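Listed below, chain by chain, are the residues.
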Amino acid sequence: MFDFEKFSSARFYVAPSVEKVIEFSANGIDVENISKVLSLAVDAKCEGAEAFEGYAEISGRANFRLIYLDKENNAKGVDYNADFTARVDGEWQEGDNVFANIHVEEAEVRAEDSLTLTAVLEIVAGRTRREDMDLLTTAEDCYTSKKASKLPTFITQKAWTAEYFDEANVGGEIDGVLSINAVTAVKSAVATENGAKVASALYAIVTYVKDGEITTQNFEIPLEDEINLDGVAEGDILLVTPMVKSAKVVLTGVTGDNTLRIEGEVAYKIQAYRTAEIETIDDMFMLSNELVVKRDKTRQKTLVSREYLDETISGIALLGDNRPVATGVVALPYARGYVAKTYVSDDGEVMAEGVVNTDIIYTDENGYNSVRTEIPFSVMLGRAEEGIEYKAECLVTGISAKVRREREFEIDVNLALTLTKYEEIECEYITGVELGEERQKNTSALSLYVAGEGEGMLDVCKALYAMPGDILAQNPDLTFPTKEGDEVVYFRQLG
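Residues numbered from 1 in each chain as written. Predicted model: local features only at pLDDT ≥ 70, side-chain atom pairs only at ≥ 80, totals over all residues. Heavy atoms only, no water.

(A) Focus on the overall build of the protein. A tally of helices and strands in the protein yields 2 helices and 22 strands. When the backbone C-alpha atoms are referred to their principal axes, the protein occupies close to 115 × 40 × 40 Å. Relative to its full complement of 495 residues, the protein shows a buried share of 47%. Considering only intrachain contacts with a sequence separation of at least 6, the fraction spanning at least 24 residues in the protein is 77%. For the protein, the exposed surface amounts to about 24,600 Å²; the carbon and sulfur share of it is 42%. Across the protein, the mean location of the 48 positive side-chain charges is 1 Å away from that of the 89 negative side-chain charges. (Helix = DSSP H or I, 4+ residues; strand = E, 2+ residues; numbered from the N terminus. Buried < 20%, exposed > 50% of the residue type's maximum accessible area, 1.4 Å probe, protein only. Contact = heavy atoms within 4.5 Å. Areas by Shrake-Rupley, 256 points an atom, 1.4 Å probe, with all protein chains shown as cover. Lys, Arg positive; Asp, Glu negative; His and termini not counted. Charge placed at Lys NZ, Arg CZ, Asp CG, Glu CD.)

(B) Representation of the packing of aromatic side chains. Under the counting rule described, the total for this entry stands at 9 aromatic pairs. Here the aromatic rings of Phe 12 and Tyr 422 are separated by 6.3 Å at their centres, their planes lie at 70°, and the arrangement is edge-to-face. One end of the pair, Phe 12, is in strand E1 (residues 2-14); the other, Tyr 422, is in strand E20 (residues 408-438), and 410 residues separate them in sequence. Ring centres of Tyr 13 and Trp 92 lie 5.7 Å apart, and the angle between their planes is 80°; on these two criteria the pair is classed as edge-to-face. Placement of the pair is Tyr 13 in strand E1 and Trp 92 in the loop between strand E5 (75-89) and strand E6 (97-111), with a sequence separation of 79 residues. Grouping aromatic residues by their ring pairs yields a cluster made of Phe 12, Phe 154, Tyr 273 and Tyr 422. Between the NZ or CZ atom of Arg 87 and the centre of the ring of Tyr 55, over which it lies, the distance is 3.9 Å. The aromatic ring of Tyr 422 is capped on one face by Lys 301, whose charged end is 5.9 Å from the ring centroid. (Phe/Tyr/Trp six-rings, centres within 6.5 Å; stacked < 30°, edge-to-face > 60°. Lys NZ or Arg CZ within 6 Å of the ring centre and 35° of its normal.)

(C) Representation of the sheet that holds strand E9 (residues 174-192). What the 3 strands build is an open sheet, ordered E9-E10-E11; its pairing is antiparallel. Looking at the sheet topology across the chains shown, the edges are occupied by E9 and strand E11 (213-228). Across the sheet, the mean angle from the axis of one strand to that of its neighbour is 15°, orientation sign disregarded. Relative to strand E10 (residues 195-210), E9 runs antiparallel, the two sharing 16 bridges. The partner of Gly 176 across the bridge, within E10, is Val 209. (Pairing = 2+ DSSP bridges. Axes fitted to C-alpha atoms, helices over the stretch in contact; angles between N-to-C directions.)

(D) Looking closely at the sheet that holds strand E12 (residues 237-254). Spatial ordering of the open sheet is given by E8-E13-E12, a layout of 3 strands whose pairing is antiparallel. In the strand order of this sheet, the two ends are held by strand E8 (143-169) and E12, each with one partner. Neighbour-to-neighbour, the strand axes of the sheet open up by a mean angle of 5°, direction not taken into account. By the bridge criterion, 17 bridges tie E12 to strand E13 (residues 257-285) in an arrangement that is antiparallel. Bridge pairing links Thr 252 to Thr 259 in E13. Sitting on the sheet, helix H1 (residues 457-464) touches E8 and E13, and the angle it makes with E13 is about 30°.

(E) View of the nonpolar core. In this structure, Phe 64, Tyr 80, Trp 92 and Leu 115 are the most contacted members of the largest nonpolar core, which totals 35 residues. Only strand E2 (18-26), strand E3 (34-52), strand E4 (55-70), E5, E6 and strand E7 (115-139) provide two or more residues apiece to this core. Counting residues in hydrophobic clusters, the runner-up holds 33 residues, among them Ala 182, Leu 238, Val 240 and Tyr 308. (Core = buried A, V, L, I, M, F, W, Y, C linked by side-chain atoms within 4.5 Å.)

(F) Inspection of H1 at higher detail. Buried within H1 are the following residues: Met 457, Leu 458, Val 460, Cys 461 and Leu 464. For H1, the buried positions fall inside an angular range of 160° around the axis, keeping them on one side. Packed against the buried residues of H1 are E8, E13, strand E21 (446-450), helix H2 (468-474) and strand E22 (487-491). Following H1 by one or two positions, Tyr 465 has its phi on the positive side, about 55°. (Arc of directions from axis to C-beta.)

(G) Spotlight on the pairing of E4. For E4, a buried count of 12 out of 16 residues is recorded, marking the element as mostly surrounded by other parts of the structure. Direction of pairing for E3 relative to E4: antiparallel, over a ladder of 16 bridges. Looking at the pairing, Ala 51 lines up with Ala 56 of E4. Linking two consecutive strands that pair antiparallel, namely E3 and E4, is a turn of 2 residues; a positive phi of about 90° is found at Gly 54 within it. In this structure, E4 lies alongside E5, joined through 15 bridges in antiparallel fashion. Among the inter-strand pairings, Glu 57 is bridged to a residue of E5, identified as Arg 87.

This is the structure we're talking about:
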């Protein structure tokens, strides 16, 4: 008599962020041979995430890349990995689909008795939980009113890897590679019928020594993928998370005329979502029996869209007065961008505020030197929409610097920003219906009901204990919703 249909809902949740400090003692390097540290770059990525009751366990790997000068003033580079685990407390259940973003907040190196590398990580973990909801769609022998409700649904997910490679003839003799810094930025992700088209690009900075001098080579490699995703339709929302799985440099060419080749793999994870409009029974009336109706209400976030934007920012880095003046910029081995805050301004603009940090290797009267700098930024990402929440993330896809004055560097940064839009929706639905007592028949031949403002047919049916067809047949001019004082007359045939 009462038919409930099962629907799958996707519930989003992001736990409070946690900090993780990694301290790593590097082996295999003669600390006494280090005369000056020029750069320390740190990346961290999530290798695995699992939910338990009340907490999630995140496993990851931090990659430390150190560039230094030895006692003979030769530039050297070393690369270390440190594995870690972190616990994130929150509203977790076993079986949750967990994701984690890891940002490097600080990094430092100490070369005392041993080489100690330290990084402070911010871990932001969340989950998508698929929950089944039983919604009432059919009720026999009843007059029902229906409404359309929005329901976020998780469709499917998939992981794949893509290989990349590129090369550049740099000429001269390459003495050694100091570091490689690689990131992947998504440019577009479009849902197709049972599939998706994803366009991205890999950006890499290779810092190396050529003919005795430190220099860099930048790479930009476009990547395109078409993948199968069962159940996906045009207009569905795709969340694509890329991660550089591996990156290495191969030296080719001939003596005195070398070529740099980079190659590796990018690992992708894609998730597909849809906000479905579902028509369910909102209220009901049965002439023969009273009905005991049980209800529930849920509030949850639903994905609206994800946009990919490019921005350029500029900043200034200063040297202290106690340092010799800079004569030229040599290399920026890495750059990291982080959005600290996404908000709507008083003027109704979506704003993202954050910071970019990098090491600038430069020359002065004593040879190579370096300075670490942070460049704050604030960028406008478009007009805000009412009722929408925003979350921005960023990657640095290019960076350059030049000496503007003796102790001043002018820095230009290219940012790839991802803007995700959410909407909080409320769904009230019937969870159960029980047949109550038989209704007492109205024995009056004539009933008059004076309606209030904004009432619907169901309200009138309940008041007169009559079905819609009979009421409309006797009140052909009746319209809904009613106006205050509308009179509804109903004649019954007795006996």
